[in-house]
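Residue-level listing of the chains:
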Amino acid sequence: MPFDEAQAKQMDEAAEQAYGELKENLSAWSAQDLIAWWAKWYLKAGHKRLGRMLVAISKNRA
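Residues numbered from 1 in each chain as written. Predicted model: local features only at pLDDT ≥ 70, side-chain atom pairs only at ≥ 80, totals over all residues. Heavy atoms only, no water.

Peer 1: I tried to follow the packing of aromatic side chains on my own but got confused; where do I start?
Peer 2: The relative placement of two aromatic rings is captured by the distance of their centres and the angle of their planes. Here the structure, examined in full by the defined rule, presents one aromatic pair. Ring centres 6.2 Å apart and planes at 70° place the aromatic pair Trp 37 and Trp 38 in the edge-to-face group. We classify Trp 38 as partly exposed; its relative accessible area is 24%. One cation-aromatic arrangement involves Lys 44 over Trp 41; the distance from NZ or CZ to the ring centre is 5.2 Å. (Phe/Tyr/Trp six-rings, centres within 6.5 Å; stacked < 30°, edge-to-face > 60°. Buried < 20%, exposed > 50% of the residue type's maximum accessible area, 1.4 Å probe, protein only. Lys NZ or Arg CZ within 6 Å of the ring centre and 35° of its normal.)

What follows is the structure, given as structure tokens:
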């Protein structure tokens, strides 16, 4: 099944939700919590989007 704009939009929306959850909880989370967050969102938002979020957060905290 080819990737289309509707799927990309759904993934972008899921990524926004995942980012909100991450920002809200990151300071209180353990590594195990982050792993659970990744498992929850990677099929909906994609590994690449989730990875970009973590890199962006790390750059802002450095």
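Peer 1: Is there a simple way to explain helix α2 (residues 31–45) in this structure?
Peer 2: Residue pairs spaced three or four apart in an α-helix point in one direction, given the helix's 3.6 residues per turn. Taking 1.5 Å of rise per residue, 15 residues should cover 21 Å, and α2 covers 20 Å from first to last C-alpha, within 8% of that figure. Where α2 bends most, at Ala 39, the angle is about 30°. Those residues of α2 that sit buried are Trp 37, Trp 41 and Ala 45. On its buried face, α2 is in contact with α1 (5–25) and α3 (47–61). Where α2 starts, the residue carrying a side-chain oxygen 3.3 Å from the main-chain nitrogen of Gln 32 turns out to be Ser 30. The first or second residue beyond α2 is Gly 46, which carries a positive phi of 95°. (Helix = DSSP H or I, 4+ residues; strand = E, 2+ residues; numbered from the N terminus. Expected span 1.5 Å × (residues − 1). Bend = angle between axes of the 7 residues up to and from the residue. Contact = heavy atoms within 4.5 Å. Polar contact = N/O pair within 3.5 Å; in protein donor to acceptor, adjacent residues only side chain to side chain.)

Peer 1: What's the story with α1 in this structure? I'm lost.
Peer 2: Spanning 21 residues, α1 covers 30 Å between terminal C-alpha atoms, matching the ideal 30 Å at 1.5 Å per step. Buried residues of α1: Gln 7, Ala 8, Met 11, Ala 14, Ala 15, Ala 18, Glu 21 and Leu 22, and no others. Seen from one end, α1 has its buried residues packed into an arc of 140°, which puts them on one side. The exposed residues of α1 that point more than 90 degrees off its buried face are Glu 5, Lys 9, Glu 16, Gln 17 and Glu 24. Looking at the buried residues of α1, the elements they touch are α2 and α3. (Arc of directions from axis to C-beta.)

Peer 1: Would you explain the packing of α1 against α3 in this entry?
Peer 2: Two quantities define a packed helix pair, namely the angle between the helix axes and the distance between the axes. Running from amino to carboxyl end, α1 crosses α3 at an angle of 35°, the nearest separation of the two axes being 10 Å. Once α1 is placed against α3, the crossing between them reads as right-handed. Every residue of α3 that contacts α1 at Ala 8, Met 11, Asp 12, Ala 15, Ala 18, Tyr 19, Leu 22 and Lys 23 is listed here: Arg 49, Leu 50, Met 53, Leu 54 and Ile 57. The residue inventory of the contact of α1 with α3, partitioned by class, reads ten nonpolar, no polar and three charged. (Axes fitted to C-alpha atoms, helices over the stretch in contact; angles between N-to-C directions. Left-handed = near helix turned anticlockwise from the far one by under 90°. Nonpolar A, V, L, I, M, F, W, Y, C, P; charged D, E, K, R; others polar.)

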